[in-house]
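# Architecture and fold: a report
So the chains spell out like this:
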Amino acid sequence: MWYAIIGEDAPASLDKRQAARPAHVERLKALQEQGRLLLAGPFPAIDSNEPGPAGFSGSLIVAEFDSLDAARTWADADPYVAAGVYAGVSVKPFKKVLPA
């Protein structure tokens, strides 16, 4: 099943995000190579693809896992969690409808 992982950034966490990004992206690439990643990306804090020092307000990952517990375990091990980028993370089952 698909699961939506929503990370909410802690205030002033851009430097931490930038430092932890390579490890974070490597985990996403592993999901992609396994055919389990639907989409992933950050939420710019301002209306711009390149928000500069405004940074990001969080991230969205939609990926396939065997269970909600497996998705939560994966999310809890994210480098952004360990680095203090995320103030909180929610994991929810996701039903993909479109595109078909």
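Below you will find a few notes about this structure. Predicted model, so just to flag it, every value in this text is computed and none were measured. (Residues numbered from 1 in each chain as written. Predicted model: local features only at pLDDT ≥ 70, side-chain atom pairs only at ≥ 80, totals over all residues. Heavy atoms only, no water.)

### Side note on the packing of aromatic side chains
This is how the line gets drawn: Whether two aromatic rings pair depends on their centres lying within 6.5 Å, for rings of Phe, Tyr and Trp, where Trp uses its six-membered ring; planes under 30 degrees apart make the pair stacked, over 60 edge-to-face, and the rest tilted. Here's how the labels work: a residue is buried when its accessible area is under 20% of the maximum for its type, exposed when over 50%, partly exposed in between, all with a 1.4 Å probe on protein chains only.
Summed over all chains, the structure comprises three aromatic pairs. When the centroid spacing of 5.7 Å and the interplanar angle of 50 degrees are considered together, the rings of Phe65 and Trp74 count as tilted. A relative accessible area of 4% means that Phe65 is categorised as buried. Among the residues examined, Trp74 registers a relative accessible area of 14% and is labelled buried. Between Tyr80 and Tyr86, the ring centres sit 5.5 Å apart and the planes meet at 85 degrees, which makes this aromatic pair edge-to-face.

### Some words on the pairing of strand β1 (residues 2-9)
Stated precisely, the cut-off is as follows: Helix numbers and strand numbers start at the N terminus; a helix is a DSSP run of H or I with at least 4 residues, a strand a run of E with at least 2. In short, DSSP must find at least two bridges between two strands for them to pair.
Counting buried positions along β1 gives seven out of eight residues, so the element sits mostly inside the fold. Bridge count between β1 and strand β3 (residues 56-64): seven bridges; the pairing is antiparallel. If you follow Trp2 over to β3, its bridge partner there is Glu64. As defined by bridge partners, β1 adjoins strand β4 (residues 86-94) across eight bridges and the pair is classed as antiparallel. The partner of Gly7 across the bridge, within β4, is Val89.

### A word on helix α2 (residues 68-76)
We apply this condition: Our arc is simply the arc of the directions from the helix axis toward the C-beta atoms. In this analysis, two residues are considered to be in contact whenever any of their non-hydrogen atoms come within 4.5 Å of each other.
Regarding α2, the residues found buried are Ala71, Trp74 and Ala75. Summarising the axial view, the buried residues of α2 lie within an arc of 100 degrees, below the 170-degree limit, and thus occupy one face. In α2, the exposed residues that point more than 90 degrees away from the buried face are Asp69, Thr73 and Asp76. Here the buried face of α2 lies against β1, α1 (14-33), β3, α3 (79-82) and β4.

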